[in-house]
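Survey of secondary and tertiary structure
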Amino acid sequence: MQTVVLKVGMSCQGCVGAVNRVLGKMEGVESFDIDIKEQKVTVKGNVEPEAVFQTVSKTGKKTSYWPVEAEAEPKSVAEPKAEVETKTEVKVDAKADAEPKLAEA
């Protein structure tokens, strides 16, 4: 089960209907949600992001992947941890550089 979120340029109910129609016919789609105000199409099912993208693009509407930052919070929470690890490594390197100097003195 996968969730694919796309940004689709929909300006009217006709646009929504077109997207609705192609997704309704697509294999593997279990459910989908079309938000005209947000220009957001969320598709759930046994589907590949690329296949969903191509299917929605067939409507002729401007289609792009939804920006990940706005949607997936857990990823941004994990990033600072990676930065902390990097800082720790830098400190270790600094000590390693300092030790030989102490030995020389």
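Residues numbered from 1 in each chain as written. Predicted model: local features only at pLDDT ≥ 70, side-chain atom pairs only at ≥ 80, totals over all residues. Heavy atoms only, no water.

Identification of the chain as HMA domain-containing protein from Brassica campestris is taken from an unreviewed UniProt entry.

Details of the sheet that holds strand S4 (residues 63-65)
What holds strands together in a sheet is hydrogen bonding between their backbones, with the strands either parallel or antiparallel. Selection rule: Here the rule is simple: two strands pair whenever DSSP picks up at least two bridges between them. Helix and strand labels come from DSSP, where a helix needs a run of H or I of at least four residues and a strand needs a run of E of at least two; each type is numbered from the N terminus. Helix axes are fitted to C-alpha atoms over the stretch in contact, other axes to C-alpha atoms as well, and angles between N-to-C directions run from 0 to 180 degrees. Pairs of residues are marked as contacts when any of their non-hydrogen atoms sit within 4.5 Å.
If you trace the four strands from one edge of the open sheet to the other, you get S2-S3-S1-S4, paired in antiparallel fashion. The sheet is open, and its two borders are formed by strand S2 (29-35) and S4, each paired with just one other strand. Looking at each pair of strands side by side, their axes are set apart by 25 degrees on average, direction ignored. One ladder, built from six bridges, connects strand S1 (residues 2-8) with strand S3 (residues 40-45); its direction is antiparallel. The residue of S3 that forms the bridge with Thr-3 is Lys-44. With respect to the sheet, helix H1 (residues 13-25) is in contact with S1, S2 and S3, its orientation differing from that of S2 by roughly 170 degrees.

Quick word on the packing of H1 against helix H2 (residues 49-57)
Note the following rule: For classification purposes, angles smaller than 35 degrees are called roughly parallel, those larger than 145 roughly antiparallel, those between 65 and 115 roughly perpendicular, and all remaining angles oblique. Left-handed describes a crossing in which the near helix is turned anticlockwise from the far one by less than a right angle; the clockwise case is right-handed. When residue character is reported, Ala, Val, Leu, Ile, Met, Phe, Trp, Tyr, Cys and Pro are called nonpolar, Asp, Glu, Lys and Arg charged, and the others, Gly included, polar.
Their axes nearest at 9 Å, the elements H1 and H2 cross at an angle of 135 degrees. On the basis of their axis angle, the class for H1 and H2 is oblique. The handedness of the crossing between H1 and H2 is right-handed. Along the contact surface, H1 presents Val-19, Val-22 and Leu-23, while H2 presents Val-52, Thr-55 and Val-56. Class assignment of the residues belonging to the contact of H1 with H2 gives a composition of five nonpolar, one polar and no charged.

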